[in-house]
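Spelled out, the chains give:
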Amino acid sequence: MILISPSILSSDFANLEREVRAVAEAGAELVHVDVMDGHFVPNLTIGIPVVEALKKACPVPLDVHLMISEPGRYAERFVRAGSDLLTFHLESEGDAGQIIRTIHAAGAKAGVALKPGTPAQAAFPYLLEADMILVMTVEPGFGGQKFMEDMCPKIRAIRRECEKLGRAVDIQVDGGIAPGSAAKVAAAGANVLVAGSSVFGKPPYHQAVEAIRRDAQRGLLEAQRSK
Ligand code: DX5
Ligand code: ZN
């Protein structure tokens with residue numbers, strides 16, 4: 001099943017409550033929250049108090065993407081603030097296995113993210129424990145960048161490894177996802193699609209969400225037929 005997770009990085013920050021309610025009503029299954037520390041990535045966004053406020057306003061689960069240098073230091077607090085799914089980068093500091101266990105113990109699902117330069121194999125040791133692998137399809141830090149099609153083999157390699165292990169791990173993609181790229185990533189094995197500018201920049205939201213979903217479903221069907 002394809003899940004759409006609109007990234008609020010491209011939303012109207014002065015009206016966050018209205019924005020998250022609108023995308024949930026438009027059919028989005030999750031809402032994606034990008035946390036940046038100005039160190040792991042060259043940009044600053046939002047932190048724990050905003051996640052806490054969003055939790056009260058958002059009708060669907062919060063999918064929180066940490067782009068910070070020390071995820072282990074803040075993971076528990078982000079879960080307590082209301083993250084339903086908390087994703088951190090393998091390229092950041094700390095023991096990834098330990099961070100996954102901290103997230104689980106605090107009561108959320110755990111995701112492991114890979115920057116474009118990190119190979120698929122780096123995720124393999126975590127496929128038994130993590131709930132989701134996030135394959136970045138742009139360099140993290142900013143919305144509105146161009147989709148990197150050369151990430152599709154990485155998605156395929158992770159999906160194949162999950163099948164080998166008999167694990168139904170979610171594979172999320174983030175960066176440049178829109179009708180067109182959605183079909184390609186879904187065909188490669190991604191099932192959770194983050195979309196910022198192609199949803200919040202393309203109202204009405206229900207049409208934007210449906211256009212991405214339809215494209216992904218088409219890609220998935222074509223891939224299944226050609227198997
Ligand atoms: C980038 C963020 C993304 C970003 C995606 O570092 O992780 O979630 O908002 O934006 P689009 O969909 O516009 O590429
Ligand atoms: Zn993100």
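See the structure shown above.
Throughout this description, residue numbers start from 1 for each chain and increase along the sequence as written. Lettering for chains starts from A, numbering for ligands starts from 1, and both go in the order in which the items are written. Two thresholds apply to this predicted model, a pLDDT of at least 70 for residue-level local features and 80 or more for giving and counting side-chain atom pairs, whereas whole-chain, interface and lining totals are computed over all residues. Values shown for side chains rest on all heavy atoms present in the structure; no hydrogens or waters enter the calculation.

**Thoughts on the sheet that holds strand β2 (residues 31-36)**
Strand order in the open sheet formed by 8 strands is β1-β8-β7-β6-β5-β4-β3-β2, with parallel pairing between adjacent strands. Lying at the two open borders of the sheet, with one neighbouring strand each, are β1 (3-6) and β2. Going across the sheet, the axis of each strand differs from the next one's by a mean of 25°, ignoring polarity. Pairing geometry for strand β7 (residues 170-174) and strand β8 (residues 192-195), over 3 bridges, is parallel. Of the residues in β8, the one forming a bridge with V173 is L193. In this description, strands pair whenever DSSP reports at least two bridges between them. Every helix listed is a DSSP run of H or I at least four residues long, and every strand listed is a run of E at least two residues long, numbered separately from the N terminus. Lines are fitted to the C-alpha atoms to define the axes, a helix being fitted only along its stretch in contact, and any angle between axes, read from their N-to-C directions, falls within 0 to 180 degrees.

**A few points about the packing of helix α3 (residues 71-81) against helix α4 (residues 96-106)**
Two elements in contact, α3 and α4, have axes separated by 9 Å at closest approach and are oriented at 15°. By the angle class used here, α3 and α4 are roughly parallel. The two elements α3 and α4 meet at a crossing, and its hand is right-handed. Mapping the contact onto sequence places P71, G72, A75, E76 and V79 in α3 and I99, T102, I103 and A106 in α4. Polarity classes work like this: nonpolar for Ala, Val, Leu, Ile, Met, Phe, Trp, Tyr, Cys and Pro, charged for Asp, Glu, Lys and Arg, and polar for all others, with Gly in that last group. When grouped by side-chain class, the residues that make up the contact of α3 with α4 number 6 nonpolar, 2 polar and 1 charged. Working rule for angles: under 35 degrees goes down as roughly parallel, over 145 as roughly antiparallel, 65 to 115 as roughly perpendicular, anything else as oblique. The handedness criterion is simple: a crossing whose near helix is rotated anticlockwise from the far helix by less than a right angle is left-handed, and one whose near helix is rotated clockwise is right-handed. For this analysis, residues touch if any pair of their heavy atoms sits within 4.5 Å.

**Let's talk about the site of ligand 1**
The local shell around ligand 1 holds 20 residues, among which D34, G141, D174, G196 and S197 are the closest. In protein, a polar contact requires one atom able to donate a hydrogen and another able to accept it; more generally it is a pair of N or O atoms within 3.5 Å, and residues adjacent in sequence count only if both atoms are side-chain atoms. At 3.3 Å from an oxygen atom of ligand 1 is found a side-chain nitrogen or oxygen belonging to H65. Here ligand 1, which alone exposes 380 Å², has 99% of that area covered by the protein. When residues of the shell around ligand 1 are traced back to their parent elements, those giving at least two are β2, β3 (62-67) and β8. The dominant element in the shell around ligand 1, judged by the number of residues it contributes, is β2, at 3 residues. If a single non-hydrogen atom of a residue is within 4 Å of a molecule or strand, that residue counts as near it. Only the protein chains shown count as cover for residues, and the accessible areas themselves come from Shrake-Rupley with a 1.4 Å probe.

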